[in-house]
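Single-letter residue listing:
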Amino acid sequence: MPVSDSVDRESGSDSDAEDGDSPAGLPINELFYSLQGEGTLAGVPSVFVRTSGCNLRCWFCDSYHTSWEPTHAWLGLEEILAEIESHDADHVVLTGGEPLLHEESVGLLEALDERGYHTTVETNGTIYRDAPIDLASVSPKLESSTPTAERDPKGDGEWEARHERDRIDMDSLARLVETYEFQLKFVVTDDEDMPEILDLLADLRDVADGPVSDDDVLLMPEGATRERLEETRNRVAELAMEYGFRYTPRLHVDLWNDAPET
Ligand code: SF4
C-alpha cells in the first residue's frame, strides 16, 4: 500500500499557486510514497511530490485539487526534503498540477540532485526551466483535453479559451526534449487524437535540435478510474501497435483505482 504522508494540509488560494508566485517553498498538495504508475519507469518505488497550481484545465484532470480547485500547504524546501528522506526510495517524481510553474521547483531539484536522487518531472510541456532533471516526462495536451461547455467540470466554460490558447508551447517543448532525457506521453481518448499527435510530432521534429524517435512517444489511455480505463485501454493499445508508438499503463489506477496518494 502507498504510505501516507504526515503533511498538515491547508486550503490555499487559487491565485497564488496558479501564477507560481511563491514567497518561499512550494505549495504542496500531496507528498507520498508509491509506485510510479506511468511511463518508462512504471513500477519503480518513488516518492511523489505533488505541487498545486496549473496553467491549464484539462476536463479529465486526475489531480483536480491541483488545478480546478487547488488546495495545498506551503512547505519550505527543508521540510519537503525531510519528508522525502523519511521514505526508502531512490526516485523522486515532481508532479502537479504543473510543477514548473514554480521557480522554487528548481531549488528542490538541485537539492535532490545533490543528494543523489533520480528525478522525474511530470510536466505539460508549456514551461521550460533549467534544472537537474533526470527524466522529463512531458505530456502535451491535445484538443480533446479542452474543457468545452459540455465537459467543463465547473460548468461555466471560463477556461475553454485560455486552455486552448496555452496548451501547446512549441518553444518550451523543443527546449525540454533538446535538454533532457525525455518521454512524450499523450493521453489518448480515441482514434481522433491520432492525427493531432502526428502533426504535433512533425512540428516538433522540425524545430527541435535533436532526435525525437517513435520510441520516445507513449500513448496512455484516458481514464482515472478502472471503469473508465476498461473503456479506453484496449483501443489505445491497438493504436500503439498500429502507429509504432509505446503503450503505457496506468498502474496506480489498476492497483488502487482513484484513491488519493497513489
Ligand atoms: S495539465 Fe495536468 S495538472 Fe494541469 S489540468 Fe491538465 S491534467 Fe491537470
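Residues numbered from 1 in each chain as written. Predicted model: local features only at pLDDT ≥ 70, side-chain atom pairs only at ≥ 80, totals over all residues. Heavy atoms only, no water.

Colleague: Explanation requested: the sheet that holds strand β2 (residues 45-51) in the structure shown.
Modeller: Backbone-to-backbone hydrogen bonds join strands into a sheet, with any given pair of strands oriented parallel or antiparallel. In space, the 9 strands of this open sheet follow the order β3-β1-β2-β4-β5-β6-β7-β8-β9, with mixed pairing throughout. Each end of this open sheet is capped by a strand with a single partner; those strands are β3 (73-75) and β9 (246-247). In terms of strand pairing, strand β4 (residues 91-95) meets strand β5 (residues 118-123) through 4 bridges, oriented parallel. If you follow valine 92 over to β5, its bridge partner there is threonine 119. Sitting on the sheet, helix α2 (residues 77-85) is in contact with β1 (26-35), β2, β3 and β4, with an inclination near 10° to β1. Relative to β4, helix α3 (residues 104-114) is tilted by about 175°, and along the sheet it contacts β1, β2, β4 and β5. (Pairing = 2+ DSSP bridges. Helix = DSSP H or I, 4+ residues; strand = E, 2+ residues; numbered from the N terminus. Contact = heavy atoms within 4.5 Å. Axes fitted to C-alpha atoms, helices over the stretch in contact; angles between N-to-C directions.)

Colleague: In this structure, what is going on with the packing of α2 against α3? I would like to understand it.
Modeller: How two helices pack is summed up by the angle between their axes together with the distance between the axes. The contact between α2 and α3 brings their axes to 11 Å, and the two run at 45°. When the interaxial angle is binned, α2 and α3 end up oblique. As for how α2 packs across α3, the hand of that crossing is right-handed. Counting all contacts with α2, which are made through Leu77, Ile80, Leu81 and Ile84, the residues of α3 involved are Glu104, Gly107, Leu108, Ala111 and Leu112. (Parallel < 35°, antiparallel > 145°, perpendicular 65-115°, else oblique. Left-handed = near helix turned anticlockwise from the far one by under 90°.)

Colleague: Sorry, what's going on with the packing of helix α5 (residues 170-179) against helix α6 (residues 194-207) here?
Modeller: Following both chains from N to C, one finds α5 and α6 inclined at 65°, their axes separated by 10 Å at the closest point. The angle between the axes of α5 and α6 places the two elements in the roughly perpendicular class. Judged by the twist between their axes, the crossing of α5 over α6 is right-handed. Taken together, the residues of α6 that come into contact with α5 (itself represented by Met170, Leu173, Ala174, Val177 and Glu178) are Leu200, Asp203, Leu204 and Val207. Looking at the contact of α5 with α6 residue by residue, the classes come out as 7 nonpolar, no polar and 2 charged. (Nonpolar A, V, L, I, M, F, W, Y, C, P; charged D, E, K, R; others polar.)

Colleague: When you look at the pattern of salt bridges in this model, what are you seeing that I'm missing?
Modeller: Proximity of charged atoms lets side chains of opposite charge pair with each other. By the definition in use, this model includes 17 salt bridges. Note that glutamate 122 and lysine 185 form a salt bridge whose closest N and O atoms lie 2.8 Å from each other. Of this pair, glutamate 122 sits in strand β5 while lysine 185 is found in strand β7 (residues 182-188), placing the two residues 63 residues apart along the sequence. Here glutamate 122 and lysine 185 have matching classes, each one buried. Bridged by salt links that share partners, the residues Glu38, Asp62, Glu122, Lys185 and Arg250 form one connected network. (Salt bridge = Lys/Arg side-chain N within 4 Å of Asp/Glu carboxyl O. Buried < 20%, exposed > 50% of the residue type's maximum accessible area, 1.4 Å probe, protein only.)

Colleague: Even after reading the chapter, I still don't get the site of the ligand, so can you show me in this structure?
Modeller: In the vicinity of the ligand, the contacting residues are Cys54, Leu56, Arg57, Cys58, Cys61, Ser63, Ser67, Gly97, Asn124 and Lys141. Put simply, the ligand lies in the largest pocket. Split by residue class, the shell around the ligand holds 4 nonpolar, 4 polar and 2 charged. (Near = heavy atom within 4 Å. 1 Å grid on protein atoms, 1.4 Å probe; cavity = no way out; pocket = protein on both sides within 12 Å on 5 of 7 lines; lining within 4 Å. Sits in = over half its atoms within 2 Å of the grid points.)

Colleague: What is the right way to read α6 from this model?
Modeller: Taking 1.5 Å per residue, 14 residues should reach 20 Å; α6 reaches 20 Å between its end C-alpha atoms and fits that length. Along α6, the residues that are buried comprise Met194, Glu196, Ile197, Leu200, Leu201 and Leu204. Buried residues of α6, seen end-on, are gathered within an arc of 155° and therefore sit on one face of the element. In this structure, the buried residues of α6 make contact with α5, β7, β8 (217-221) and α7 (226-243). (Expected span 1.5 Å × (residues − 1). Arc of directions from axis to C-beta.)

Colleague: Would you mind showing me how to read the confidence of the model for the protein here?
Modeller: Looking at the protein as a whole, the pLDDT averages 91, with 91% of positions reaching at least 70. Across residues 1-22 the pLDDT falls below 50, and counting only partners more than four positions away or on other chains, this stretch makes 55 contacts in the model. (pLDDT = per-residue confidence, 0-100.)

Colleague: Which parts of the structure should I look at to understand the nonpolar core?
Modeller: One broad rule of soluble globular proteins: the nonpolar side chains tend to lie buried together. Counting 52 residues, the largest nonpolar core has Ile80, Ile84, Leu108 and Leu219 as its most contacted members. Setting aside residues no more than four positions away along its own chain, leucine 219 makes contact with Phe186, Val188, Met194, Ile197, Val236, Leu239, Ala240, Phe245, Arg246, Tyr247 and Thr248. (Core = buried A, V, L, I, M, F, W, Y, C linked by side-chain atoms within 4.5 Å.)

Colleague: Got a minute to help me understand the packing of aromatic side chains in this structure?
Modeller: The relation between two aromatic rings is expressed through the spacing of the ring centres and the mutual angle of the planes. With the rule as written, the count across this model stands at 4 aromatic pairs. Plain terms: the ring middles of tryptophan 59 and phenylalanine 60 are 5.5 Å apart, the flat faces sit at 70° to each other, and that makes the pair edge-to-face. On the accessibility criterion, phenylalanine 60 (15% relative accessible area) is buried. Relative to tyrosine 180, the ring of tyrosine 128 has its centre 6.1 Å away and its plane inclined at 25°; by these criteria the two rings are stacked. (Phe/Tyr/Trp six-rings, centres within 6.5 Å; stacked < 30°, edge-to-face > 60°.)

Colleague: Sorry if this is basic, but what is going on with the layout of surface pockets here?
Modeller: In this structure, the largest pocket encloses a volume near 990 Å³. Contributing to the lining of the largest pocket are 49 residues, with Arg50, Asp62, Ser63, Gly96 and Arg250 lying nearest its centre. For the lining of the largest pocket, the elements supplying multiple residues, two or more each, are β1, β2, β4, β5, β7 and α8 (251-256). Here the lining of the largest pocket takes 4 residues from β1, the largest share from any one element. (Points joined across faces, edges and corners; volume = space filled by probe spheres on them.)

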